[in-house]
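A closer look at the structure
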Amino acid sequence: MSKVAVMGYGTVGSGVVEVLTTNAQSISMRAGEEVEVKYVLDLRDFPGSPVENKLVKDFNVIVNDAEVDIVVETMGGLHPAYEFVKASLEAGKSVCTSNKELVAAYGAELLEIARDNNINFLFEASVGGGIPIIRPLKSSLTADEIEEITGILNGTTNYILTKMRDNGSAFEEVLKEAQELGYAERNPEADVEGYDACRKIAILTSLAYGKQVDFEDIYTEGITAITAEDFLYAKAIGTTIKLVGTSKIVNGKVVAMVAPVLISADSPLYSVDDVFNGIYVRGNMLGDVMFYGKGAGKLPTASAVVADVVEAVKHKGTNIMTIWSKDKQELVDFSEAAHRFFVRINNSEGIAEKVEKLFGAVKTIDIGIADEYAFVTDEMTESAFADKQAEVSGVISRIRFAD
């Protein structure tokens, strides 16, 4: 029998206990032995709950108990999660986590500790909730060299953008609705400014190319400036707007960013709506693969954590090799990245001639907004666009194309 300690009895932690209890028989069959929750670590009391007699408030109870084989970390945040996970690994206990902040910041280090102790650090649920993506990158796609990963990685922002598109609503209005429905936090900054998606694409990029990608090095832009008018223009040119995290090989170098982009109808990500996530992967041999599903939520995320628990039980005494070194993955200076741009500016006398002089031949878009002039540029570097934009006054917005 394997004994498990769950650290954090919030939404995901309680879901992990529920999955392990409800599906105990099938989980035991797949793991090859019974799996039982021995401890639940939380500073709160849960009188009358199923884990009332398993609650502990001192981490040392867990780390010093030789019976505990596997620690599940669902506390969230960096501290004390990092210290508790590191100590658990050093004590010879495998760890399964859903904590994207922890994995993005310390993944390479924690994997190294697990490897040195012949145990495992597993984190399938840290990206995409219940969508299996980490394990495919580590095993199913190992015959390929990954050329691109592009994903809708945050359900909150995808819900907001979907409702703005479908209802013609303003960002602030839909954000309030998302908060009332529980899709957005009271402080939504991590979601709407793109930080959550950035950590996730950093993890995926680190796994794809085998070296540490610090999320702070990835250009990140949120959705707070997107308007209902932007969606009208997007519809007119057969596109929609999605917040994506992307990393790809361009001329042998890795380019990465998180930003709202215009996606055409022939993209597999075009129809990924509401709180769903979609992750598109291109391999040099396999070609295109799409992963789709609920990217968050109590039971989908808990299901992914428990799948890692089963993996840890099946591989007792054996480290599952994961190539992710502490060496830094060099990213292309984002100013050198190239995109096509959709631009809205205030209409004024001679603006068309000035735009054509600066940007060359452009495709103009007219949806009947009299005081605006909108156009699409040819592909150019970020720095070239910034230089040209600086010479035009009255820019309302600009959105990149997902080319």
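Everything below is about the structure shown above.
All figures in this text were calculated on a predicted structure; none of them were measured in a lab.

A count of helices and strands for the chain gives 14 helices and 20 strands. Relative to a compact globule of 403 residues, whose C-alpha radius of gyration would be 22 Å, the chain shows 23 Å and is just as compact. Expressed along its principal axes, the backbone C-alpha trace of the chain runs to roughly 75 × 45 × 30 Å. Buried positions account for 52% of the 403 residues belonging to the chain.

We now examine the packing of helix H2 (residues 24-31) against helix H12 (residues 298-314). Between H2 and H12, the shortest axis-to-axis distance is 9 Å and the interhelical angle comes to 40 degrees. Taken as axis vectors, H2 and H12 run oblique relative to one another. Handedness of the crossing formed by H2 with H12: right-handed. Between H2, through Ile27, Arg30 and Ala31, and H12, the contact on the second element is made entirely by Val306, Val310, Val313 and Lys314. Residues that form the contact of H2 with H12 fall into these classes: 5 nonpolar, no polar and 2 charged.

This model, assessed by the stated rule, comprises 13 aromatic pairs. Three or more aromatic residues joined by ring pairs form one cluster here, namely Phe341, Phe359, Tyr373, Phe375 and Phe385. One cation-aromatic arrangement involves arginine 199 over phenylalanine 215; the distance from NZ or CZ to the ring centre is 4.4 Å.

Turning our eyes to something else, we now look at H12. Here H12 is 17 residues long and its end C-alpha atoms lie 24 Å apart, about the 24 Å a rise of 1.5 Å per residue gives. Within H12 the residues assigned to the buried category are Thr301, Ala302, Ala304, Val305, Val306, Asp308, Val309, Val310, Glu311, Ala312 and Val313.

To continue, consider the nonpolar core. Ranked by size, the top nonpolar core spans 80 residues in total, and within it Phe121 and Leu204 carry the most contacts. If you tally residues by element for this core, the top one is helix H10 (residues 195-209), at 9 residues.

For the rest of this paragraph, the subject is the pairing of strand E5 (residues 94-97). Residues of E5 alternate between two faces, with Ser94 and Cys96 on one and Val95 and Thr97 on the opposite face, all of them buried. In this structure, strand E4 (residues 68-73) lies alongside E5, joined through 4 bridges in parallel fashion. Looking at E5, one finds that glutamate 73 is bridged to threonine 97. A crossover connection joins E4 to the parallel E5 through helix H4 (residues 81-90); in handedness this β-α-β unit is right-handed. Note: E5 against strand E6 (residues 121-122), 2 bridges, orientation parallel. Looking at E6, one finds that valine 95 is bridged to phenylalanine 121. The β-α-β motif built from E5, the intervening helix H5 (residues 100-116) and the parallel element E6 has right-handed crossover chirality.

This brings us to the layout of surface pockets. Estimates place the volume of the largest pocket at around 1200 Å³. Looking at the largest pocket, it is lined by 42 residues, and the ones nearest its centre are Lys100, Glu185, Asp196, Ala296 and Gly297. Going through the elements one at a time, helix H1 (11-22), H5, helix H7 (155-167), helix H9 (189-192), H10 and H12 are the ones with two or more residues in the lining of the largest pocket. Listing elements by their share of the lining of the second largest pocket, those giving two or more residues are strand E7 (146-152), strand E10 (239-250), strand E11 (253-264), strand E12 (276-283) and strand E15 (338-339). Considering each element in turn, the lining of the second largest pocket owes the most residues, 7 residues, to E11. Split by residue class, the lining of the second largest pocket holds 15 nonpolar, 7 polar and 8 charged.

Quick notes on the rules
- Residues numbered from 1 in each chain as written.
- Predicted model: local features only at pLDDT ≥ 70, side-chain atom pairs only at ≥ 80, totals over all residues.
- Heavy atoms only, no water.
- Helix = DSSP H or I, 4+ residues; strand = E, 2+ residues; numbered from the N terminus.
- Rg over C-alpha atoms; globule rule 2.2 N^0.38 Å.
- Buried < 20%, exposed > 50% of the residue type's maximum accessible area, 1.4 Å probe, protein only.
- Axes fitted to C-alpha atoms, helices over the stretch in contact; angles between N-to-C directions.
- Parallel < 35°, antiparallel > 145°, perpendicular 65-115°, else oblique.
- Left-handed = near helix turned anticlockwise from the far one by under 90°.
- Contact = heavy atoms within 4.5 Å.
- Nonpolar A, V, L, I, M, F, W, Y, C, P; charged D, E, K, R; others polar.
- Phe/Tyr/Trp six-rings, centres within 6.5 Å; stacked < 30°, edge-to-face > 60°.
- Lys NZ or Arg CZ within 6 Å of the ring centre and 35° of its normal.
- Expected span 1.5 Å × (residues − 1).
- Core = buried A, V, L, I, M, F, W, Y, C linked by side-chain atoms within 4.5 Å.
- Pairing = 2+ DSSP bridges.
- Right-handed = clockwise from strand over helix to strand, strands pointing away.
- 1 Å grid on protein atoms, 1.4 Å probe; cavity = no way out; pocket = protein on both sides within 12 Å on 5 of 7 lines; lining within 4 Å.
- Points joined across faces, edges and corners; volume = space filled by probe spheres on them.

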